[in-house]
Amino acid sequence: MSQAIKSVRVRQVDLPLNFPVVSRVGLFEKWPVILIDLEMTDGTVGQSYLEPYLKHSARYIVPAIQDLV
């Protein structure tokens, strides 16, 4: 029996950091994370995450994931 994707849930959260990250791009006190839950027709649920480094890039990544599904 083949499986198919039933649904996907994609959301962005900003996790507070214990210690800020200082980089050439700037100071990061929170870290953007994209959480992904994928449910298959047989009930299997997979979970994953992406860390896009720049918060504003999530606005492009989240719709791309949804389009691919």
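See the structure printed just above.
Residues numbered from 1 in each chain as written. Predicted model: local features only at pLDDT ≥ 70, side-chain atom pairs only at ≥ 80, totals over all residues. Heavy atoms only, no water.

Describing the sheet that holds strand β1 (residues 5-22)
- One open sheet holds the 3 strands; their spatial order is β1-β2-β3, and the pairing between them is antiparallel. Strands with a single pairing partner mark the edges of an open sheet, and in this sheet they are β1 and β3 (45-50). Across this sheet, the average inter-strand angle for adjacent strands is 20°, counted without regard to direction.
- Relative to strand β2 (residues 27-40), helix α1 (residues 58-68) is tilted by about 5°, and along the sheet it contacts β1, β2 and β3. (Pairing = 2+ DSSP bridges. Helix = DSSP H or I, 4+ residues; strand = E, 2+ residues; numbered from the N terminus. Axes fitted to C-alpha atoms, helices over the stretch in contact; angles between N-to-C directions. Contact = heavy atoms within 4.5 Å.)

As for the pairing of β3
- For β2 and β3, the ladder comprises 6 bridges, and the chain directions are antiparallel. What sits directly across from Asp-37, in β3, is Gln-47.
- A loop of 4 residues connects β2 with β3, the two strands running antiparallel in sequence, and Gly-43 in this loop sits at a positive phi of about 95°.

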